Amino acid sequence: MTYGYNKRLGIVAGIMLLLVFAAVLITVLSGISHQDEKRVQIVASFLPVYNAAIQVTDGVEGVEVKNLVPPQNGCLHDYQLTPENVIALSKADALIINGAGAESFLGDLHSQYADLKVIDTSEGIALLEGIHHHHHEDEEEEHEEIINEHIWTSPSNYIKQIENLRDQLIRLDPVHAHQYRANAENYIAEIETVKAELAEAASSLPTKNCIIFHDSLAYFARELGFNILASLSTGEESVLSASELAEAVKTAALADKILLIYDDQYHTEYASVAQEASFSRTLRLNMAVASSTQGTDDVWLDAMRANIQILKDTDGD
Ligand SMILES: [Zn+2]
Ligand SMILES: [Zn+2]
């Protein structure tokens, strides 16, 4: 009897041990898969879309957003892919891009990173033609069509980018849909306020005629109803050719009053253009594409609020 009792006890103990082991195993395994589900690694291509992503993912558990190109870089013209960029992309679940050709340095993403989900924030935005950069010697060469990639500089476009981002993030991480919706709604309300204040500030300017000195200002100027008399392309690597400068001077001379609008990430200014106009005002505006630091401040709202002050500042030159 004792033998049989011990045997039964042994079987019961064995079963219990097995159950405990199974329970531990299930807990461990579900813990691992749960962590995997929650950890979403997102890379944003550069500052404008990184900033947008930070706002829309604010407070969402388990989502990490990294900026691919350092914020000091500014516009992506002539940017070259680095080994660090390749590593960051290989670790990411999703890549947020501005689109409209801004990320041409990434090459063919689909063939290189088959598993990477690409979120293109430019979907549904009407694109402008870009300015051809005349920094080559041979004018006989074939010119390819250029798209103006600086879509985020128009508040209306930026709102569309936020909406695209919200919808794509919900598809990627549906568990947190309510948070993405709430963040986007709050953010869009702030952008709408800034948009109205920009329009009001622009209406107080002595003229709507302008010359813009970088492509980034085109969407911004059009949204504010400015009359762009000349679009010039200055940047880190490109200065105006003699003929472009002559054209700008002529445009300024013919206009009664004119605004000369520069993107303040570049430091070149053309005094001769200002001198030719009977009245001119030089505006150096922040197009929210460059920042000296990688903080959590909203660079888009900060930049546009600074622009509102510059537009209002009638004491300036
Ligand atoms: Zn640019
Ligand atoms: Zn050319």
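It should be noted that the structure appears before, not after, this text.
The rules we used
- Residues numbered from 1 in each chain as written.
- Chains lettered and ligands numbered in written order.
- Predicted model: local features only at pLDDT ≥ 70, side-chain atom pairs only at ≥ 80, totals over all residues.
- Heavy atoms only, no water.
- Helix = DSSP H or I, 4+ residues; strand = E, 2+ residues; numbered from the N terminus.
- Contact = heavy atoms within 4.5 Å.
- Areas by Shrake-Rupley, 256 points an atom, 1.4 Å probe, with all protein chains shown as cover.
- Expected span 1.5 Å × (residues − 1).
- Donors = N, O, S within 2.8 Å, 3.2 Å for Na, K, Ca; no water.
- Tetrahedral: all angles 85-135°; square planar, octahedral: opposite > 155°, others 65-115°.
- Phe/Tyr/Trp six-rings, centres within 6.5 Å; stacked < 30°, edge-to-face > 60°.
- Buried < 20%, exposed > 50% of the residue type's maximum accessible area, 1.4 Å probe, protein only.
- Core = buried A, V, L, I, M, F, W, Y, C linked by side-chain atoms within 4.5 Å.
- Domains from an automatic or database assignment.
- Pairing = 2+ DSSP bridges.
- Axes fitted to C-alpha atoms, helices over the stretch in contact; angles between N-to-C directions.
- Polar contact = N/O pair within 3.5 Å; in protein donor to acceptor, adjacent residues only side chain to side chain.

A few points about the overall build of the protein chain
Okay, step 1: Along the protein chain, the regular secondary structure elements total ten helices and eight strands.
Okay, step 2: Within the protein chain, counting contacts between residues at least 6 apart in sequence, those at least 24 apart form 65% of the total.
Okay, step 3: Of the roughly 16,800 Å² of accessible surface on the protein chain, a fraction of 53% belongs to carbon and sulfur atoms.

Topic: helix α6 (residues 177-203)
For an α-helix, 3.6 residues make a turn, and residues three or four places apart therefore share a direction.
Okay, step 1: With 27 residues, α6 extends 39 Å between its outermost C-alpha atoms, agreeing within 8% with the 39 Å of an ideal straight helix rising 1.5 Å per residue.
Okay, step 2: Along its buried surface, α6 packs onto α2 (47-56), β2 (63-67), α5 (155-172), α7 (216-223) and α10 (299-312).

Brief notes about the coordination of the zinc ion (ligand 1)
Working reference: metal with six octahedral donors, ideal angles 90 or 180 degrees; metal with four tetrahedral donors, ideal angle 109.5 degrees.
Okay, step 1: Those protein atoms acting as donors to the zinc ion (ligand 1) are Cys75 (SG), His77 (NE2), His150 (NE2) and His214 (NE2), and they sit at 2.0 to 2.2 Å.
Okay, step 2: For the zinc ion (ligand 1), the four donor atoms in the first shell make angles of 101 to 120° at the metal, so the coordination geometry reads as tetrahedral.

Some details on the packing of aromatic side chains
Okay, step 1: Applying the stated rule across the entire model yields six aromatic pairs.
Okay, step 2: Taken together, a centroid distance of 5.5 Å and an interplanar angle of 85° make the contact between phenylalanine 46 and tryptophan 152 edge-to-face. With a gap of 106 residues between them, phenylalanine 46 in the loop between β1 (40-44) and α2 and tryptophan 152 in the loop between β4 (117-120) and α5 connect regions that are remote in the sequence. The two residues phenylalanine 46 and tryptophan 152 agree in class, both being buried.
Okay, step 3: Pairing phenylalanine 213 with tyrosine 270 gives two aromatic rings, centres 6.0 Å apart and planes at 10°, and the pair type is stacked. Of this pair, phenylalanine 213 sits in the loop between β5 (209-212) and α7 while tyrosine 270 sits in the loop between β7 (257-263) and α9 (271-276), and the two are 57 residues apart along the sequence. You'll find phenylalanine 213 and tyrosine 270 in the same group, each marked buried.
Okay, step 4: By the ring-pair criterion, three or more aromatic residues cluster together here, those being Tyr158, Tyr187 and Trp300.

Some thoughts on helix α8 (residues 242-254)
Okay, step 1: The first and last C-alpha atoms of α8 sit 18 Å apart over 13 residues, in line with the 18 Å expected at 1.5 Å per residue.
Okay, step 2: The secondary structure elements touched by the buried residues of α8 are β5, β6 (227-231), β7 and α9.

Describing the nonpolar core
Okay, step 1: Ranked by internal contacts, the top residues of the largest apolar core, which has 78 residues, are Ile162, Phe226, Ile261 and Trp300.
Okay, step 2: For this core, the element with the most residues is α6, which contributes ten residues.
Okay, step 3: Looking at which domains feed residues into this core, each of domain 1 (39-128 + 146-194) and domain 2 (204-285) gives three or more.
Okay, step 4: With sequence-adjacent residues up to four places away left out, isoleucine 162 is seen in contact with Ala52, Val56, Ala184, Tyr187, Ile188 and Ile191.

As for the environment of isoleucine 96
Okay, step 1: Within the secondary structure, isoleucine 96 sits in strand β3 (residues 94-97).
Okay, step 2: Taking the relative accessible area as the measure of exposure, isoleucine 96 reaches 0% and is therefore buried.
Okay, step 3: Between the C-alpha atom of isoleucine 96 and that of lysine 117, which follows or precedes it by 21 residues, the distance is 8.5 Å.
Okay, step 4: When neighbours within four sequence positions are excluded, isoleucine 96 is seen to be in contact with Ile42, Val43, Ala44, Ser45, Val49, Ala53, Ile119, Thr121 and Leu165.

Overview of the sheet that holds β7
Okay, step 1: Pairing is parallel across the open sheet formed by four strands, whose spatial order is β6-β5-β7-β8. Single-partner strands in this sheet number two, and they are β6 and β8 (279-285). Each strand of the sheet is rotated relative to its neighbour by a mean of 25°, with strand direction disregarded.
Okay, step 2: One ladder, built from four bridges, connects β5 with β6; its direction is parallel. Counterpart to isoleucine 212 in the pairing with β6 is serine 231.
Okay, step 3: Strand contacts of α7: β5, β6, β7 and β8, with the helix running at about 135° to β7, the strand carrying the most contacts.

Side note on the sheet that holds β1
Okay, step 1: Read from one edge to the other, the open sheet built from four strands follows the order β2-β1-β3-β4, with strand pairing classed as parallel. Two strands in the sheet have a free side with no partner beyond their single neighbour: β2 and β4. This sheet shows a mean twist of 25° between the axes of neighbouring strands, independent of strand direction.
Okay, step 2: For β1 and β2, the ladder comprises five bridges, and the chain directions are parallel. By the bridge assignment for β2, valine 40 is matched with valine 63.

Examining the side chain of asparagine 148
Okay, step 1: Assignment of secondary structure puts asparagine 148 in the loop between β4 and α5.
Okay, step 2: Of the polar contacts made by the side chain of asparagine 148, one reaches the backbone oxygen of aspartate 215; its length is 3.0 Å.
Okay, step 3: Discounting residues that sit within four places of it in the chain, asparagine 148 has contacts with Ala100, Leu128, Glu129, Gly130, Asp215, Ala218 and Tyr219.

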